[in-house]
Amino acid sequence: MIRLGEKQELTVRRIKSFGVYLGPEGAGQDESVLLPGKYVPEGCKAGDHIEVFIYRDSSDRLVATTRQPALTLGGTALLHVVDVGPVGAFLDWGLEKDLLLPFKEQEGRPQKGDQVLAALYIDKSGRLCATMKVYDYLSCGSPYRQGDHVSGIIYQINPRVGVFVAVDGRYHGMIPAGNFHSSARVGAAITARVARVREDGKLELSLGEQISRQMDADGQKILDLLAASGGVLPFTEKADPQTIDRQLGMSKAAFKRAVGRLYRQRKIRLDKGKISLI
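Residues numbered from 1 in each chain as written. Predicted model: local features only at pLDDT ≥ 70, side-chain atom pairs only at ≥ 80, totals over all residues. Heavy atoms only, no water.

### Some thoughts on the overall build of the chain
(1) Moving on: Secondary structure assignment for the chain yields three helices and 18 strands.
(2) Moving on: For 278 residues, the compact-globule estimate of 2.2 N^0.38 gives 19 Å, and the chain exceeds it by more than 25% at 26 Å.
(3) Moving on: The buried share among the 278 residues of the chain stands at 44%.
(4) Moving on: Taking all contacts inside the chain whose residues are at least 6 apart in sequence as the whole, residues at least 24 apart take part in 54%.
(5) Moving on: Total accessible area on the chain is roughly 14,800 Å²; 48% of this is exposed by carbon and sulfur atoms. (Helix = DSSP H or I, 4+ residues; strand = E, 2+ residues; numbered from the N terminus. Rg over C-alpha atoms; globule rule 2.2 N^0.38 Å. Buried < 20%, exposed > 50% of the residue type's maximum accessible area, 1.4 Å probe, protein only. Contact = heavy atoms within 4.5 Å. Areas by Shrake-Rupley, 256 points an atom, 1.4 Å probe, with all protein chains shown as cover.)

### Digging into the pattern of salt bridges
(1) Moving on: According to the stated counting rule, one finds nine salt bridges in the structure shown.
(2) Moving on: One salt bridge in this structure joins Glu6 and Arg3, with 3.0 Å as the shortest N-O distance.
(3) Moving on: Taking the relative accessible area as the measure of exposure, Arg3 reaches 33% and is therefore partly exposed. (Salt bridge = Lys/Arg side-chain N within 4 Å of Asp/Glu carboxyl O.)

### Re the sheet that holds strand E12 (residues 162–167)
One key point about sheets: their strands pair by backbone hydrogen bonds, in either a parallel or an antiparallel sense.
(1) Moving on: Spatial ordering of the closed barrel is given by E11-E12-E13-E15-E14, a layout of five strands whose pairing is mixed. The mean angle between the axes of side-by-side strands here comes to 50°, regardless of whether they run parallel or antiparallel. (Pairing = 2+ DSSP bridges. Axes fitted to C-alpha atoms, helices over the stretch in contact; angles between N-to-C directions.)

### Digging into the environment of Asp148
(1) Moving on: Summarising the element assignment, Asp148 is placed in the loop between strand E10 (128–131) and strand E11 (149–158).
(2) Moving on: Looking at Asp148, the relative accessible area reads 29%, which means it is partly exposed.
(3) Moving on: Separated by 46 residues in the primary sequence, Asp148 and Val194 place their C-alpha atoms 5.4 Å from one another.
(4) Moving on: Excluding its chain neighbours within four sequence positions, the residues that come into contact with Asp148 are Ala192, Arg193 and Val194.

### Regarding the sheet that holds strand E16 (residues 232–233)
(1) Moving on: In space, the three strands of this open sheet follow the order E16-E18-E17, with antiparallel pairing throughout. At either margin of the open sheet sits one strand with a lone partner, and together these are E16 and strand E17 (268–271).
(2) Moving on: In this structure, E16 lies alongside strand E18 (residues 274–277), joined through two bridges in antiparallel fashion. Along E18, the bridge assignment pairs Leu233 with Ile275.
(3) Moving on: Those strands touched by helix H3 (residues 252–264) are E17 and E18, and its axis lies near 110° from that of E17.

### Quick look at the nonpolar core
Soluble globular proteins tend to bury their nonpolar side chains together.
(1) Moving on: Leu22, Leu91, Trp93 and Leu99 are the most contacted members of the largest nonpolar core, which has 33 residues in total.
(2) Moving on: A total of five residues in this core trace back to one element, the largest contributor, which is strand E4 (residues 49–56).
(3) Moving on: Formed by 17 residues, the second largest nonpolar core is a distinct cluster that contains Met250, Phe255, Ala258 and Ile275. (Core = buried A, V, L, I, M, F, W, Y, C linked by side-chain atoms within 4.5 Å.)

### As for the side chain of Thr236
(1) Moving on: Take Thr236: it is sitting in the loop between E16 and helix H2 (241–248).
(2) Moving on: You can call Thr236 buried: its relative accessible area is 11%.

### Some thoughts on the packing of aromatic side chains
(1) Moving on: In total, this model carries eight aromatic pairs according to the counting rule given.
(2) Moving on: When the centroid spacing of 6.3 Å and the interplanar angle of 90° are considered together, the rings of Phe18 and Tyr21 count as edge-to-face.
(3) Moving on: Geometrically, the ring pair formed by Tyr135 and Phe164 is edge-to-face, given 6.5 Å between the ring centres and 80° between the ring planes. Residue Tyr135 is found in the loop between E10 and E11, and its partner Phe164 is found in strand E12; the two are separated by 29 residues along the sequence.
(4) Moving on: Using a relative accessible area of 35% as the deciding quantity, one classes Tyr135 as partly exposed.
(5) Moving on: By relative accessible area, which is 14% here, Phe164 ends up buried.
(6) Moving on: Three or more aromatic residues joined by ring pairs form one cluster here, namely Phe53, Tyr55 and Trp93.
(7) Moving on: In this structure, Arg14 is placed above the aromatic ring of Tyr21, and the distance from its NZ or CZ to the ring centre is 4.5 Å. (Phe/Tyr/Trp six-rings, centres within 6.5 Å; stacked < 30°, edge-to-face > 60°. Lys NZ or Arg CZ within 6 Å of the ring centre and 35° of its normal.)

As structure tokens, this is what we get:
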């Protein structure tokens, strides 16, 4: 069986001036796919076995290629957005025909030049498409343990739940709500520490050492706003998250951490619902 979206080894059935027709070993002659001449190995002959990837060309016909795509069916990869059109974005995945990322499969609205973490699937019309909704494509079987440092890509943000991270682009990870900066964005690369490995194998992540550095930056942002506001802010760490985000562009948890550090450093005073410079 010729499998769309996968790499497989096929047998040379017929040789033509424009390419060769390939088919599965033992299948009927009518089950074949064209490998264009520019991809045919030199000296190729009937009966040879060639590993190819199967996709659809610009005319929606099944075609084989010996080029290696960045993404195969069921897998994930970080891809560049090369264009945006009326039906979605188009991704460079290493083949002549760019890969469609439909609007309904996007997280946010990626623009030309962006990088997105995507998975490959077959849509209802039998075409290969990309999706940024990669949750179901990630694995719980990571080799990481509590305390390990990992790298990953943010693929979804739910302010009430947390930031979802594809560790190594393939494993489930999440930074719980309140423990990430409001500037976090889909597609961003992060490094984090494994705070806990859940019973289901998913990784709970912490920004760890990054939080200490971020508190310094957030604290300076608070001091700058205080200086620009006559030394007084009309709210404290008890303010609602929307107010804090609007005024400072940070999460309430980050604001509380930074305010606490500034207070311990005796740089600010908290009194009657206000923050004042000392």
